[in-house]
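Survey of secondary and tertiary structure
What follows is the residue order along each chain.
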Amino acid sequence: MGRFGWGTVVCLISLPVEATVLDFATSSSYSLRLHGATGGDNLGYGQAIGDFNHDSMPDLVVSAPTANGGGGYVYILYGPLAAGERDLATSSQYNVRFEGVPGSPGAGAGDQLAAGDLNGDGTDDLIISAPYAANSCANQKYAQGAVYVIFGGPSSFPAGTGQTRNLNLPSSYHVRFDGEACGDLPSFQASDNGDQLGFWLALGDLSGDGQPDLVMTSRYANHNGRTDSGSVYVRYGGAGVWPPPPSLIDLGTTSSFNIRYDGPLPAYQLGWSARVGLANGGSQPDLAVGSPMATTNINRMRNGSVHLFYGPLASGTGNIYDLAVAGNFSVRYEGASAGNFLGMNVALGEVTGDSSSDLVIGAPVVNSQGRTGNGAVYIAQGPTPAGPGTTRDLANGFDYRFDGPDFLAGPNAMSGLFGRLLNIAPLHGGNPELLISTLLADTQGRTDNGAVYSLQGPFSIGGGNQVRDIAQTNFSSSTVDYRYDGASGAGNGDQMGRSVVVGELNGMGGLDIATGSYLADTMGRTDNGALYIVFGTSSPPDAAVASDLAPPPDSAMSADLSMPDLAMPDLTTPADMAIVVIPPPDMAMSLVDLVQSQPDLSLPVPVIPDLTMPVDLSLPVPVIPDLTMPVDLSGMDAAMVAADGALPKDQSAPATMDSGSGPIAAGCACVLTPSHRQRFPGVELALGCGIMALRLTRKNRRGRLTKTDAHRR
């Protein structure tokens, strides 16, 4: 007789915590939704959070860069925000609206947004980029780019609703930066893209004086005889350093910037992304810059790169660093394979539990887990290597990697863009969470509706080369994880995750998350865009019950501005913590750019095959009600068997076996059989990722085919 009786097999099993999925097609899954005013506005393209009117309550800024005839709108909504629906076609639903310069093309104001105290007066300032602005361009030229700085305070952000500010008027801004060079009007015959200043914005203390500094990128800048090599400008902030308003600053003058980094090769496009935060273990923030279109190895077309620059940076003005010289950067990370697009997004923050900040890098077209173009996110554990000129090739190993899920819909499907946007925040409690957007995810039976994952850390690096597979089902790995799903796949799909910010918006004391669906169709409008906000709570909600995140009652409580955004938790001053940086434009543009800038594509990105065999999820995981007592398996599902020879071949012991649904304890091996459309927006393809087969047509933001909008995103 066995110890526990005849015919009884003891199987001790540790079940995973169920992940929570919030479907924004259901109104109970979100607290507040904003609607774009008219069709084609693309509301939710960019966001930021800061106290602009100096009332100690965080305010929300959200952009619609294709509104206003392409000039763009930037809306300011004073906090605290209440639950419900807001239609921005009604002027009483916003406080201030900044308007970009319309035209063909328009300025695209609000393409990027940032917030922080640049002038040291204790109030957050608003920074708006308009990368297609042509303020100083001659006829038939465009995309010099501009960055507008509006200093915060009641005079710039007065009480009331429905107020407008025209960015074409100097009275509407305090400082305007203009890019160095204009480009040809967009067409497939265009010979110059223009600098497109403001392709990305970031803030943080890089000079070491305790004041936030402004980072502006121009991915198409031409310097050192290299076309489209890209440049990154750093302008130091602080009290008394800004000229009297309104001031126009031409970045073609070396005295107008403190630092300029230039891309090392033609078509490198330095500056698709940038973040400021701690990386190398010191107390001074560092700068990370991503270049996903870079080719660092002749055999790896568009593998991508990320440069780290350790702070504090050089003092004075006019400092220029050519990154073709290894000594001009601290560390460079290189993508492992062709077409990885490493550096599409970067983040800095502590996610590994060792009290040292880490570098997180998105590579949205990595092939892994037998999938094609599913994407990956790498963690480089801090402190990062000592510089200068250190190179880390991810083909030779890495610390930690998340492999994206499989969103496949047909033989010509392309990447879901897992890792398109990254952020770090303790959204549901004290542990750090890594937010990862998958812009073209197909979930809930929808196409390109988009999704945002919130994966709870800390993540254990162990001996390095650690991999976690983020499958579509049961993506939780013994932690409380979340996934937010876009509401619709109609038309172009909502493409939720174009922007994501975290901060305190409703005055209730918890952290809230706001996600942009810039191609959503609401209120009977096409591609007007929407912004979804889920109000947080002061304590972590039950991960198994989505209704726990239902909107709280309206509140007039003052918001806590001490940490309005935790995307970069290691910055040294409270002012730095207000920074929210929004990701660069769609991946669609990169493919068109690739054809134009690299006509001889003898090294194509691998073609995506037809992956038509789905994972069999037909066998459910049996639920064990009480894990403290021996469980009688005699009548349980056949998916659970005795340990004799049942281990997967790659597992050496029952104690370490992972079924894909949760770890299984020693003493029994329970074999549990578990149980996309992936195209870039705006690009018509003949083959998946096969660049050689890319047709020279594209869709603009309104979904119309055009040849005259080739350089728009």
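Please refer to the structure higher up on the page.
The present account deals with the structure reproduced in this document.

Calculation criteria
In this convention, every chain numbers its residues from 1, walking through the sequence in written order. For a predicted model such as this one, the threshold for reporting local features is a pLDDT of at least 70, and the threshold for listing and counting side-chain atom pairs is 80 or more; totals across whole chains, interfaces and linings nevertheless cover every residue. Just so you know, side-chain values use all the structure's heavy atoms and leave hydrogens and water out. Residues grouped as a nonpolar core are buried Ala, Val, Leu, Ile, Met, Phe, Trp, Tyr and Cys residues, joined through side-chain atoms within 4.5 Å. Think of it in three bands: residues with accessible area under 20% of the maximum for their type are buried, residues over 50% are exposed, and the middle band is partly exposed, with areas taken using a 1.4 Å probe on protein chains only. Only runs of H or I of at least four residues qualify as helices and only runs of E of at least two qualify as strands under DSSP, and these elements are numbered from the N terminus. The contact rule is simple, with two residues in contact once any of their heavy atoms fall within 4.5 Å. Should DSSP find at least two bridges between two strands, the strands are regarded as paired. Working convention: axes come from line fits to C-alpha atoms, limited for helices to the stretch in contact. Angles between N-to-C directions cover 0 to 180 degrees. Each reported salt bridge corresponds to a side-chain nitrogen of Lys or Arg within 4 Å of a carboxyl oxygen of Asp or Glu.

**Some words on the nonpolar core**
Judged by nonpolar contacts, the single largest core of 22 residues is most densely connected at Val61, Ile76, Phe98, Leu126, Ile128, Tyr148 and Phe157. Secondary structure elements with two or more residues in this core: strand 5 (73-77), strand 7 (96-99), strand 8 (112-116), strand 9 (125-130) and strand 11 (146-150). Setting aside anything within four residues of it in sequence, one finds tyrosine 148 in contact with Leu126, Ile127, Ile128, Ala130, Asn135, Leu167, Tyr173, Val175 and Arg176.

**Concerning the sheet that holds strand 15 (residues 201-204)**
Taken in spatial order, the 5 strands of this open sheet run 15-16-17-19-23, and their pairing is mixed. Unpaired on one side and paired on the other, strand 15 and strand 23 (319-322) mark the two borders of the sheet. Across the sheet, the mean angle from the axis of one strand to that of its neighbour is 15°, orientation sign disregarded. In this sheet, strand 19 (residues 259-262) lies alongside strand 17 (residues 231-235) in antiparallel orientation, the contact comprising 4 bridges. Counterpart to tyrosine 233 in the pairing with strand 19 is arginine 260.

**Structural notes on the environment of arginine 235**
The residue arginine 235 is located in strand 17 in this model. Exposure remark for arginine 235: the relative accessible area of 11% places this residue in the buried category. Along the primary structure arginine 235 and leucine 118 are separated by 117 residues, whereas in three dimensions their C-alpha atoms are 10.0 Å apart. Sequence-distant contacts of arginine 235, defined by excluding residues within four places in its chain, comprise Phe177, Asp213, Leu214, Met216, Val241, Trp242, Pro243, Ile249, Ser255, Ser256 and Asn258.

**Observations regarding the pattern of salt bridges**
Pairs may arise between side chains of opposite charge once their charged atoms sit close together. Here the structure, examined in full by the defined rule, presents 15 salt bridges. Salt-bridge contacts for arginine 176 lead to aspartate 178; the nearest nitrogen and oxygen are separated by 2.9 Å. An identical accessibility class is assigned to arginine 176 and aspartate 178; each is buried. Arginine 300 is the salt-bridge partner of aspartate 393, the closest N and O atoms lying 2.9 Å from each other. Note that aspartate 393 is positioned in strand 28 (residues 390-393) and arginine 300 in the loop between strand 21 (286-291) and strand 22 (305-309), a separation of 93 residues in sequence. Comparing aspartate 393 with arginine 300 shows no difference in burial state: the two are buried.

**Observations concerning unusual backbone geometry**
A cis amide bond, omega 0°, links glycine 79 with the succeeding residue proline 80. Relative to the elements of secondary structure, proline 80 occurs in the loop between strand 5 and strand 6 (84-87). In this structure, the amide linkage connecting glycine 457 to the following residue, proline 458, adopts the cis form with an omega of 0°. Within the element layout of this structure, proline 458 appears in the loop between strand 32 (451-456) and strand 33 (466-469). Its identity as a non-glycine residue notwithstanding, aspartate 228 has a phi of 55°, on the positive side. Looking at the element boundaries, aspartate 228 is found in the loop between strand 16 (213-218) and strand 17.

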